[in-house]
Amino acid sequence: SSPSQALLSQKGNFHVPNFVKNYNINRLLRIPNNNNHALSGATPALPDSSLSNHVPVKKIIKNHIQARRPQVESGLRYRSDDWLRNFLSIPSSFVLRRISFHLTSNTLLCALVILLHRIPNVPKIQIPLIGHTLMGGIMSLLLVFRTNSAYARFWEARGVWSKALSTCRNLSLSVMAHIRPHSPKSAQRFMELLRAFPNALCYSCLCGNAELSTDVKQVLQKYTKSSSAVSSSAEPAMVLSYLMHQALHDAAVESPSSSSDLVEAIHLTEMTHEINSLVDALSTCQKIARTPVPLSYSRHTSRLLTWWTGTLPFALVAQLGLLTLPVLVIACFFLLGIEEIGHLIEQPFVGDRVGDIVMDRTTQANGEDGIGNNTPYIDKAKIKNLAPLLRRAAKTQ
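Within every chain, residues take consecutive numbers counted from 1 along the sequence as written. Restriction of local features to residues with pLDDT of at least 70 applies here, the model being predicted, together with a cutoff of 80 or more for giving and counting side-chain atom pairs; totals for whole chains, interfaces and linings are based on all residues. Excluding hydrogens and water, the side-chain values take into account all heavy atoms of the structure.

Enquirer: Got a minute to help me understand the overall build of the chain in this structure?
Expert: Helix and strand assignments come from DSSP, with helices taken as H or I runs of at least 4 residues and strands as E runs of at least 2, each series counted from the N terminus. Scanning the chain from terminus to terminus reveals 16 helices and 2 strands. Here the chain holds 397 residues, and 40% of them are scored as buried. Here, Shrake-Rupley sampling with a 1.4 Å probe gives the accessible areas, and only protein chains in the shown set may cover a residue. A total of about 22,100 Å² of accessible surface is found on the chain, and carbon and sulfur atoms cover 60% of it. Partly exposed describes any residue whose relative accessible area lies between the buried limit of under 20% and the exposed limit of over 50%, with all areas from a 1.4 Å probe on protein chains only and scaled to the type maximum.

This is the structure:
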């Protein structure tokens, strides 16, 4: 039986309506099971006998209705039928936490406007709604341009990491197939340097927000002791690129046939160009990390959004009355959320220090319901500085 069948067979204090009994609970809640139905998109039909009149609905919502995170390893993506999870996970939204101060300020201002409007003998401050209608189009354009420019940076960074991943794979295949038979010592050294390059590139992208990997430190200490051309203040990725060039030169010297075998010489030349591609990837990542969106553009968008949302209660209170508060909260949540998403993806490498929760790749053996499953879960105790882009795309080993 599936985990949902075992859960729904328990007794509780909540009555299940008839429309819930007739609906596929697995598909509604997207509860994964041991047969990987959540990954394939298929949801097994649930027999009517598995549904009782009393179901621990509160427990199901607490344990299973939460926002899913995409997984590159398994190919899991967001789906349109995740609407219930996405809606019910709004209170735990990371974007909501980021905009909570601005949203709370607008909510309190709106409540004050409504209170003053309902008190008699108090001057009513009202503005025509036509002003917000006209400015809404301008604000929408600014938000669209802001988020598009931020997403372009995110997509460019993802493309650079894909190129670096492909280059590392090409280099490793070339070394193992063409260099190792003739120069085994240099090939071994080159592979150790290449293996440390992704972590060194990650360190450069994080701009000092994370410590250098232990593997990179060990490789640098091992191969830079005898090199006087390496500066102590140089970028670790640049040092590794230099050492890889040096390893290719030593491979040509070590091989007895490099001077007479033109095919081997061509492979060494192509690998030199591949190392230069890694240096290009490093330069592009540094450009993205150290060149933000122009500050004046971000400030102008923020000022217009603050003015529009701050004066909206004065334009709605005469027509909507108490309904002005929920309307304002919903409008501010989505508008401020769009702006905050632009800020989040503007820097695709650095994640939030507190809110960036790592997806644990282990499996939850026994949950609160006592039922084991093979699905990954979010371990909130494990928090890192690495952004999702780097955690998921920089694995080249």
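Now that the structure has been shown, we can carry on.
Enquirer: I tried to follow helix α15 (residues 324-346) on my own but got confused; where do I start?
Expert: Two residues of an α-helix separated by three or four positions point the same way, owing to the 3.6 residues in each turn. The end-to-end C-alpha separation of α15 is 33 Å, in line with the 33 Å expected for 23 residues at 1.5 Å each. Buried within α15 are the following residues: T324, L328, C332, F333, L335, L336, G337, E339, E340, G342 and E346. Contacts are residue-level and defined by heavy atoms, with any inter-residue pair within 4.5 Å sufficient. Those residues of α15 hidden inside the fold are in contact with α7 (94-98), α8 (100-118), α9 (130-179) and α14 (295-320). Expected span, for any helix, means 1.5 Å times one less than how many residues it has.

Enquirer: Would you mind showing me how to read the pattern of salt bridges here?
Expert: One side chain can pair with another of opposite charge once the charged atoms of both are near each other. Within this document, salt bridges are pairs made up of a side-chain nitrogen of Lys or Arg and a carboxyl oxygen of Asp or Glu, the two lying within 4 Å of each other. Under the counting rule described, the total for this entry stands at 6 salt bridges. Across the salt bridge formed by E192 and K222, the nearest N and O atoms sit 3.2 Å from each other. With a gap of 30 residues between them, E192 in helix α10 (residues 184-205) and K222 in helix α11 (residues 214-223) connect regions that are remote in the sequence. The exposure class of E192 is partly exposed, given its relative accessible area of 23%.

Enquirer: I'm lost on the packing of α14 against α15 in this one. Help?
Expert: In helix packing, the relevant descriptors are the interaxial angle and the interaxial distance, both defined with respect to the helix axes. As a rule, the C-alpha atoms of each element are fitted with a line to give its axis, helices using only the stretch in contact, and angles between N-to-C directions run from 0 to 180 degrees. At a minimum axis separation of 9 Å, α14 and α15 run at an interaxial angle of 170 degrees. Viewed along their axes, α14 and α15 adopt a mutual orientation that is roughly antiparallel. In this structure, α14 uses S298, T301, S302, L305, W308, T309, L312, P313, L316, V317 and L320 to contact α15, whose residues at the interface are T324, V327, L328, C332, L335, L336, E339 and H343. For this scheme, ten residues count as nonpolar: Ala, Val, Leu, Ile, Met, Phe, Trp, Tyr, Cys and Pro. Four count as charged, namely Asp, Glu, Lys and Arg, and the remainder, Gly too, count as polar. Counted by class, the contact of α14 with α15 contains 12 nonpolar, 6 polar and 1 charged residues. Working rule for angles: under 35 degrees goes down as roughly parallel, over 145 as roughly antiparallel, 65 to 115 as roughly perpendicular, anything else as oblique.

Enquirer: Got a minute to help me understand the side chain of S241 in this structure?
Expert: Looking at the element boundaries, S241 is found in helix α12 (residues 236-254). Relative accessible area serves as the criterion here: at 2%, S241 is assigned to the buried category.

Enquirer: Where do I start with a nonpolar patch on the surface in this structure?
Expert: Excluding any residue in a salt bridge, patches collect residues exceeding 30% relative accessible area, merging like charges within 9 Å and nonpolar Val, Leu, Ile, Met, Phe, Trp and Tyr side chains within 5 Å. Taken together, the side chains of L109, L112, L115, L116 and I119 present a nonpolar region at the surface, about 390 Å² in accessible area. Note that L112 resides in helix α8.

Enquirer: Help me out: how do you make sense of the packing of α11 against α12 in this one?
Expert: Where α11 contacts α12, the axes come no closer than 11 Å and their chain directions differ by 45 degrees. By the angle between their axes, α11 is oblique relative to α12. Of the two elements, α11 crosses α12, and the hand of that crossing is left-handed. The residues of α12 that touch α11, namely those facing V216, V219, L220 and Y223, are P236, V239, L240 and L243. Across the contact of α11 with α12, the residue classes tally to 8 nonpolar, no polar and no charged. In this scheme, a crossing is called left-handed if the near helix is turned counterclockwise away from the far one by less than a right angle; it is called right-handed if the turn is clockwise.

Enquirer: Got a minute to help me understand the packing of aromatic side chains in this structure?
Expert: The geometry of two aromatic rings is summed up by the distance between their centres and the angle between their planes. Ring pairs are drawn from Phe, Tyr and Trp, using the six-membered ring of Trp, whenever the two centres fall within 6.5 Å, and their geometry is named by plane angle: stacked under 30 degrees, edge-to-face over 60, tilted for the rest. Under the counting rule described, the total for this entry stands at 3 aromatic pairs. Between Y151 and F154, the ring centres sit 6.1 Å apart and the planes meet at 25 degrees, which makes this aromatic pair stacked. Of this pair, Y151 and F154 both sit in helix α9, 3 residues apart, which is roughly one turn of the helix. On the accessibility criterion, Y151 (45% relative accessible area) is partly exposed. A centroid spacing of 6.4 Å and a plane angle of 15 degrees characterise the contact between Y151 and W155, whose relative ring orientation is stacked. You can see Y151 and its partner W155 sitting in helix α9, 4 residues apart, about one turn around the helix. Taking relative accessible area as the criterion, W155 reaches 56% and is therefore assigned exposed. Feature note: the residues Y151, F154 and W155 constitute an aromatic cluster, connected by ring pairs.

Enquirer: Mind showing me how you'd approach the environment of L109 here?
Expert: Here L109 shows up in helix α8. In this structure L109 comes out as partly exposed when scored by relative accessible area, which is 30%. In the structure, L109 is positioned 201 residues away from G310 in sequence and 7.5 Å away in space, judged by C-alpha atoms.

Enquirer: Could you clarify how one ought to interpret the nonpolar core in this entry?
Expert: Nonpolar side chains tend toward joint burial in soluble globular proteins. Only buried residues count toward a nonpolar core, which is a set of Ala, Val, Leu, Ile, Met, Phe, Trp, Tyr and Cys residues joined through side-chain atoms within 4.5 Å. In this structure, F190 and L240 are the most contacted members of the largest nonpolar core, which totals 42 residues. Among the elements of the structure, α9, α10, α11, α12 and α13 (262-290) are those that each provide at least two residues to this core. For this core, the element with the highest residue contribution is α10, accounting for 10 residues. If we ignore the near neighbours within four places in the chain, the residues touching F190 are L171, V175, M244, A247, L248, M271 and I275. Counting 21 residues, the second-largest nonpolar core is a separate cluster that includes C110, L305, W308 and V317.

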